[in-house]
Amino acid sequence: MGDIVKLGRFEKISREVLISTSKMLKDAKTELFHDIHGKVLEVGAGIGVNVFFLNRPEITHWTAIEPDRKLAQECRINLSEMGERATVFEGYLHELDEPANSFDCIILTTLLCSVPKPDEIIRDVHRLLKSGGKLYVIEHIGDKFGIRAGMQIIAKFPWKIVTGCNCRNDPIPALSQEGFWEGINGDVEMDPAPLRVKKFSIMLELLKPFVMTKLTKAGNK
Ligand SMILES: C[S@@+](CC[C@H](N)C(=O)[O-])C[C@H]1O[C@@H](n2cnc3c(N)ncnc32)[C@H](O)[C@@H]1O
């Protein structure tokens, strides 16, 4: 990734976390994203780390939404290798001017940890998906017990200030809205995401474990 966008100290830390997290999630993304196709939306694309997994002919168009101006600028550079098949929309999801039932696939990677109202994001995502369309989600989730859970509780507020992310994130309530997904009654189940860990990093340790799921929009909505 080219580092040509001028960043402040906290922004550099956040960028480093985004890149390290994506490297750690390489196997998870390869597995989860293997059947993404058609018209694709990514919400909160950051610097565009998912281009390594989505620059495939099966994807006819990819709209990447990113509200942060500097991240959107870097995202545009990284997605430029896809030419006209990729567009970066600089703004928030609720500002995107697209009709309901527009996208075949929508992806969220480590997004719900960084938004104030995750249930609204999932409502918008659900509206924008075609009936039978797929939502691909990879998130980190607050650990339940043990030393890591304790570290997350202590670090929660300073970490939020530095990176904007909630290390005690819980994506399941927002995803589990009634009647949204085929075959789901009650809570959405998420699988552990396989992680590639080359060396110990306290920052990445704070975010574990990671979970992932693929959901299909129910046909009657
Ligand atoms: C933790 S970063 C993850 C970036 C990227 N998905 C990745 O995996 O590297 C979350 C991103 O979501 C963006 N974001 C926050 N609220 C958003 C919203 N309402 N609509 C779209 N993007 C949003 C932030 O600007 C940030 O870049």
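Residues numbered from 1 in each chain as written. Predicted model: local features only at pLDDT ≥ 70, side-chain atom pairs only at ≥ 80, totals over all residues.

Caption draft 1: Focus on the site of the ligand. For the ligand, the set of nearby residues contains 20 residues, the closest of which are Gly 44, Gly 46, Tyr 92, Leu 93 and Thr 109. Taken together, the residues that form the shell around the ligand break down as 12 nonpolar, 6 polar and 2 charged. (Near = placed C-beta within 6 Å. Nonpolar A, V, L, I, M, F, W, Y, C, P; charged D, E, K, R; others polar.)

Caption draft 2: Representation of the sheet that holds strand 7 (residues 210-216) within the structure. Across the sheet, 7 strands lie side by side as 3-2-1-4-5-7-6; this open sheet has mixed pairing. Two strands in the sheet have a free side with no partner beyond their single neighbour: strand 3 (86-89) and strand 6 (191-192). Pairing of strand 1 (residues 38-43) with strand 4 (residues 103-109), which is carried by 3 bridges, proceeds in the parallel orientation. Note on strand 4: the bridge partner recorded for Leu 41 is Ile 106. Together, strand 1, strand 4 and strand 5 (129-140) form the strand contacts of helix 5 (residues 118-128), whose direction differs from that of strand 5 by roughly 145 degrees. (Pairing = 2+ DSSP bridges. Helix = DSSP H or I, 4+ residues; strand = E, 2+ residues; numbered from the N terminus. Contact = placed C-beta atoms within 7 Å. Axes fitted to C-alpha atoms, helices over the stretch in contact; angles between N-to-C directions.)

Caption draft 3: Region of the structure containing the pairing of strand 2 (residues 59-65). Counting buried residues in strand 2 gives 5 out of 7 residues, a clear majority hidden from the surface. Looking at chain direction, strand 1 and strand 2 are connected through 6 bridges and run parallel. Along strand 2, the bridge assignment pairs Glu 42 with Ala 64. By the bridge criterion, 4 bridges tie strand 2 to strand 3 in an arrangement that is parallel. When the sheet's bridge partners are listed, Thr 63 is paired in strand 3 with Thr 87. Between the parallel elements strand 2 and strand 3, the chain passes through helix 4 (residues 69-79) in a crossover that is right-handed. (Buried ≥ 20, exposed ≤ 12 C-beta atoms within 10 Å, placed from the backbone. Right-handed = clockwise from strand over helix to strand, strands pointing away.)

Purely geometric stuff here, so don't read any function into it on its own.
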